[in-house]
Amino acid sequence: MLVVGAGPAGLSAALALRAAGMEATVLERRGPDAVRPGSRAAYLHGASLATLEKLCPGLGHEIAAEGVMWSTKRSFWAGREIFSKTYPSLRRSGLPPFTSLPQVRTEDLMAAACRRAGVRFHWDAEVTSAELGPDRVRLNDTHGGSWTADYVIAADGSRSPLRSAAGIPLEGPRSQNTFVIVDLDDDPDHPVPIERVFHYHHPGVGGRNVLIVPFAGGWRVDLNLLVDDVPESFTSPEGLRRWIPKVLPAAYGERVRWVSTYRFAQQVAARFTDEHQRVLLTGEASHLFAPFGARGMNSSIPDAVRAVDAVREALSAKDTATAGAAISRFARERKEAAEYNRACASAALEHMLADSRSVRLRRRAAAAIAAAGRKAGEWLDSAPYGPKLAARRAARTSY
Ligand SMILES: Cc1cc2nc3c(=O)[nH]c(=O)nc-3n(C[C@H](O)[C@H](O)[C@H](O)COP(=O)(O)OP(=O)(O)OC[C@H]3O[C@@H](n4cnc5c(N)ncnc54)[C@H](O)[C@@H]3O)c2cc1C
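None of the values given here were measured: they were computed from a predicted structure.

1. Overview of the overall build of the protein chain
Next up, step 1: In terms of helices and strands, the protein chain carries twelve helices and 20 strands.
Next up, step 2: By the compact-globule yardstick of 21 Å for 399 residues, the protein chain fits well, its C-alpha radius of gyration being 22 Å.
Next up, step 3: Structurally, the protein chain occupies a C-alpha span of about 65 × 45 × 45 Å along its principal axes.
Next up, step 4: Every one of the 399 residues in the protein chain was classed for burial, and the buried ones make up 55%.
Next up, step 5: Sequence separation of 24 or more characterises 71% of the internal contacts of the protein chain that already satisfy a separation of 6 or more.
Next up, step 6: For the protein chain, the exposed area adds up to about 17,100 Å²; of that, 52% sits on carbon and sulfur atoms.
Next up, step 7: Here the protein chain contributes 52 positively and 43 negatively charged side chains, and the mean placements of these two sets differ by 7 Å.

Below, the structure written as structure tokens:
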């Protein structure tokens with residue numbers, strides 16, 4: 001079986017293929033040691049750890065052991081603490097409820113597990129064209145190599161050449177506001193408590209929202225710019241030295257490891273398979289979400305697992321109609337999951353941006369009573385991550 005892309009979706013698909021006793025070949029554009037900057041999908045849900053553990057016993061624990069967890073979360077409104085919660089202990093004997101580790105490290109652990117499981121990697125192998133036929137898929141790479149397979153799992157990221165070859169558009173909007181995302185190295189001389197902190201209207205940064213999340217070895221800070229802001233004035237070395245000391249100890253202004261700006265797409269592929277039902281779209285090839293609620297990578301893992309299940313069913317089907325039905329079922333289920341995740345990420349984004357008067361009023365009213373009423377503070381603390389139900393449902397159904 002061919003998998004295109006060695007990001008989290010492709011690596012999960014390769015592990016799932018090997019767990020099912022099938023051969024797995026991964027074609028990846030970049031080299032094995034290419035630098036992949038940024039913490040990106042640092043937050044792994046417990047459900048993702050459990051799935052990886054099931055695909056490759058030991059892997060979920062290995063990832064969890066390298067990541068960090070926090071037992072305290074806090075929210076502030078205009079500099080005043082409106083909510084905090086400390087959980088008694090998150091370390092249990094089994095897998096933890098989440099872990100936070102830079103995506104590149106999670107990918108390295110997954111790739112090592114793939115190698116142990118016998119996955120064949122072809123690095124520096126960029127797929128340049130694809131011919132999608134009724135019985136087979138043929139891929140051509142930059143080295144003049146050509147590959148054929150009954151089915152291909154497309155895990156080739158947001159610009160997915162396979163999605164383009166299948167003529168499938170991504171549908172949905174992109175946020176107007178820009179977010180500045182900064183990774184900072186830990187500073188042992190100026191330790192910061194390992195807590196997740198969200199600020200509405202941080203007074204030190206002109207009332208912009210700020211999210212501060214620990215990951216193993218550092219801190220991720222998301223600054224929610226206003227529509228008229230000039231991003232460069234926040235991402236230049238001088239800009240970073242100006243605002244970071246307002247949200248963390250001053251020394252962190254000199255600890256920047258990576259900085260980037262994003263406008264978040266909220267897009268889902270029109271279909272998750274091609275007209276011949278031979279290419280199965282997974283991960284960012286099929287959906288793009290704002291990161292609030294951490295649904296990108298966490299839903300790419302079940303995408304990949306379901307794609308492998310569907311291919312397995314299709315390969316053992318007694319006729320082409322049954323095979324096609326298995327692939328269609330995958331496409332329908334994962335599209336439904338992606339639409340659900342997009343709706344949750346949209347709710348979080350809408351809450352963060354507060355473009356509408358009703359959201360602004362609700363937030364302000366909740367902040368006004370948060371000191372007296374714990375429920376209002378709890379709502380303000382959780383809303384930037386999407387509906388609470390989403391997390392529970394995600395854990396139950398591997399969305
Ligand atoms: C700033 C930011 C923060 C994020 N935070 C979170 C978070 O906290 N939690 C979360 O769950 N998600 C988060 N995400 C999303 C997460 O990074 C993605 O969902 C995840 O990387 C998707 O994995 P993927 O395997 O589908 O795609 P990718 O990671 O993009 O992997 C695709 C792979 O395909 C390869 N490829 C592309 N084209 C070709 C080709 N033609 N031939 C061969 N190979 C090819 C690429 O080189 C790449 O290795 C974040 C994303 C961003 C940008």
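Read on for the rest.
2. Quick notes on the domain arrangement of the protein chain
Next up, step 1: As assigned here, the protein chain comprises domain 1 (2–69 + 90–173 + 266–349) and domain 2 (179–262).
Next up, step 2: Centre-to-centre, using C-alpha coordinates, domain 1 lies 31 Å away from domain 2.
Next up, step 3: On the domain 2 side, the residues contacting the 15 residues of domain 1 number eleven residues.
Next up, step 4: Linking domain 1 with domain 2 are zero salt bridges, by the criterion used here.
Next up, step 5: Looking at the side of domain 1 that touches domain 2 residue by residue, the class counts come to nine nonpolar, four polar and two charged.

3. Quick notes on helix α1 (residues 8–19)
Next up, step 1: Over its twelve residues, α1 extends 16 Å from the first C-alpha to the last, a length consistent with the 16 Å expected when each residue adds 1.5 Å.
Next up, step 2: Taking burial as the measure, the twelve residues of α1 include ten buried ones, the bulk of the element.
Next up, step 3: Positive phi appears at Gly 21, one or two residues downstream of α1, with a value of about 80 degrees.

4. Focus: the packing of helix α3 (residues 59–66) against helix α4 (residues 103–117)
Next up, step 1: For the pair α3 and α4, the least separation of the axes is 10 Å and the interaxial angle reads 155 degrees. Taken together, the axes of α3 and α4 lie roughly antiparallel to each other. The two elements α3 and α4 cross, and the hand of that crossing is right-handed. Packed against α3, whose contacting residues are Leu 59, Glu 62, Ile 63 and Glu 66, the element α4 presents Arg 105, Thr 106, Leu 109, Met 110, Ala 113 and Arg 116 at the interface.

5. Focus: the environment of Arg 105
Next up, step 1: Mapped onto the elements of the fold, Arg 105 is located in helix α4.
Next up, step 2: Separated by 63 residues in the primary sequence, Arg 105 and Ala 42 place their C-alpha atoms 9.2 Å from one another.

Procedures and definitions
Residues numbered from 1 in each chain as written. Predicted model: local features only at pLDDT ≥ 70, side-chain atom pairs only at ≥ 80, totals over all residues. Heavy atoms only, no water. Helix = DSSP H or I, 4+ residues; strand = E, 2+ residues; numbered from the N terminus. Rg over C-alpha atoms; globule rule 2.2 N^0.38 Å. Buried < 20%, exposed > 50% of the residue type's maximum accessible area, 1.4 Å probe, protein only. Contact = heavy atoms within 4.5 Å. Areas by Shrake-Rupley, 256 points an atom, 1.4 Å probe, with all protein chains shown as cover. Lys, Arg positive; Asp, Glu negative; His and termini not counted. Charge placed at Lys NZ, Arg CZ, Asp CG, Glu CD. Domains from an automatic or database assignment. Salt bridge = Lys/Arg side-chain N within 4 Å of Asp/Glu carboxyl O. Nonpolar A, V, L, I, M, F, W, Y, C, P; charged D, E, K, R; others polar. Expected span 1.5 Å × (residues − 1). Axes fitted to C-alpha atoms, helices over the stretch in contact; angles between N-to-C directions. Parallel < 35°, antiparallel > 145°, perpendicular 65-115°, else oblique. Left-handed = near helix turned anticlockwise from the far one by under 90°.

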